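Fold and contact review
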Amino acid sequence: MVLAVIYGTLGAVGAVEALSPGEVCTGILSITLLAFIAAGMTAIYQQEQLPLPTMILLHGGALYIAYIFTYLLNGWLERQLMPILIFTAIFAGGYAVIWVFIYAFNKARAKKLTRQLHDKQ
């Protein structure tokens, strides 16, 4: 699905007209590996002995490395400083926004549960 969107977009803007079998295989294998890494990295949050900020940095860092490697390997991102910096800024911003929402949701839920516990006493 991800490859279809990426290659469809690249084709629509004229960046790619045809793909070799090697490019297709590399794309499929790298996206599959990326999916396993992304899914597997959620296990970091099961390690309760690590502080949450450390877990977030490990998770975000591993995802960033996996994504940047995948994009560079497949030629979806130019191997130049400016595109990499733009990708990095977008990734970091998106990751931070997601965590702000998660934090706010969990804080509100904890506050609600605390209030319910106090009401029952």
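Higher on the page you've got the structure.
These notes cover the structure that comes with them. (Residues numbered from 1 in each chain as written. Predicted model: local features only at pLDDT ≥ 70, side-chain atom pairs only at ≥ 80, totals over all residues. Heavy atoms only, no water.)

1. Focus: the overall build of the protein chain
Looking only at helices and strands, one finds four helices and zero strands in the protein chain. Each helix and strand of the protein chain, ordered N terminal to C terminal, gives the series α-α-α-α. Taking 121 residues into account, the globule formula puts the C-alpha radius of gyration at 14 Å, and the protein chain, at 19 Å, lies well above it. Each principal axis of the C-alpha distribution contributes one length, and for the protein chain these read about 70 × 30 × 30 Å. The 121 residues of the protein chain split such that 21% are buried. (Helix = DSSP H or I, 4+ residues; strand = E, 2+ residues; numbered from the N terminus. Rg over C-alpha atoms; globule rule 2.2 N^0.38 Å. Buried < 20%, exposed > 50% of the residue type's maximum accessible area, 1.4 Å probe, protein only.)

2. Some thoughts on the packing of helix H2 (residues 21–40) against helix H3 (residues 52–73)
Between H2 and H3, the least distance of the axes is 10 Å, while the angle of their chain directions is 175 degrees. By the angle class used here, H2 and H3 are roughly antiparallel. Contacts from Thr26, Ser30, Ile31, Leu34, Ile37 and Ala38 of H2 reach H3 at Leu63, Ala66, Tyr67, Thr70 and Leu73. Tallied by class, the residues present in the contact of H2 with H3 amount to eight nonpolar, three polar and no charged. (Axes fitted to C-alpha atoms, helices over the stretch in contact; angles between N-to-C directions. Parallel < 35°, antiparallel > 145°, perpendicular 65-115°, else oblique. Contact = heavy atoms within 4.5 Å. Nonpolar A, V, L, I, M, F, W, Y, C, P; charged D, E, K, R; others polar.)

3. Points about a positive patch on the surface
Taken together, Lys107, Lys111, Lys112 and Arg115 make up a surface patch of like positive charges. Relative to the helices and strands, Lys111 is located in helix H4 (residues 81–120). Among the residues examined, Lys111 registers a relative accessible area of 58% and is labelled exposed. (Patch = residues over 30% accessible without salt bridge, like charges linked within 9 Å, V, L, I, M, F, W, Y side chains within 5 Å. Areas by Shrake-Rupley, 256 points an atom, 1.4 Å probe, with all protein chains shown as cover. Salt bridge = Lys/Arg side-chain N within 4 Å of Asp/Glu carboxyl O. Lys, Arg positive; Asp, Glu negative; His and termini not counted. Charge placed at Lys NZ, Arg CZ, Asp CG, Glu CD.)

4. As for a nonpolar patch on the surface
A surface patch of nonpolar side chains, about 540 Å² in accessible area, is lined by Leu81, Met82, Leu85, Ile86 and Ile90. Note on placement: Ile86 falls in helix H4.

5. Some details on the nonpolar core
The biggest cluster of nonpolar side chains holds eight residues, and these are Leu63, Ile68, Leu72, Leu77, Phe87, Phe91, Tyr95 and Trp99. Of all elements in the fold, only H3 and H4 reach the threshold of two or more residues within this core. Take this core: its biggest share by element is four residues, from H4. Each residue touching Phe87, except ones within four places of it in the same chain, is listed here: Tyr64, Tyr67, Ile68, Tyr71 and Leu77. Among the nonpolar cores identified, the runner-up in size contains seven residues, and Leu3, Ile6, Tyr7 and Trp76 belong to it. (Core = buried A, V, L, I, M, F, W, Y, C linked by side-chain atoms within 4.5 Å.)

6. Digging into H4
Working note: α-helix, 3.6 residues per turn, so residues spaced by three or four point in the same direction. Here H4 is 40 residues long and its end C-alpha atoms lie 58 Å apart, about the 58 Å a rise of 1.5 Å per residue gives. Listed in full, the buried residues belonging to H4 are Pro83, Phe87, Phe91, Tyr95 and Trp99. (Expected span 1.5 Å × (residues − 1).)

7. Here's the deal with the packing of aromatic side chains
Using the criterion set out here, one finds eight aromatic pairs in the structure. Seen from their ring centres, Tyr67 and Phe91 are 6.0 Å apart, and the 50 degrees between their planes marks the pair as tilted. Here Tyr67, found in helix H3, pairs with Phe91, found in helix H4; they are 24 residues apart in sequence, far enough to count as distant. The exposure class assigned to Tyr67 is partly exposed, which follows from its relative accessible area of 28%. The class for Phe91 is buried, based on a relative accessible area of 18%. (Phe/Tyr/Trp six-rings, centres within 6.5 Å; stacked < 30°, edge-to-face > 60°.)

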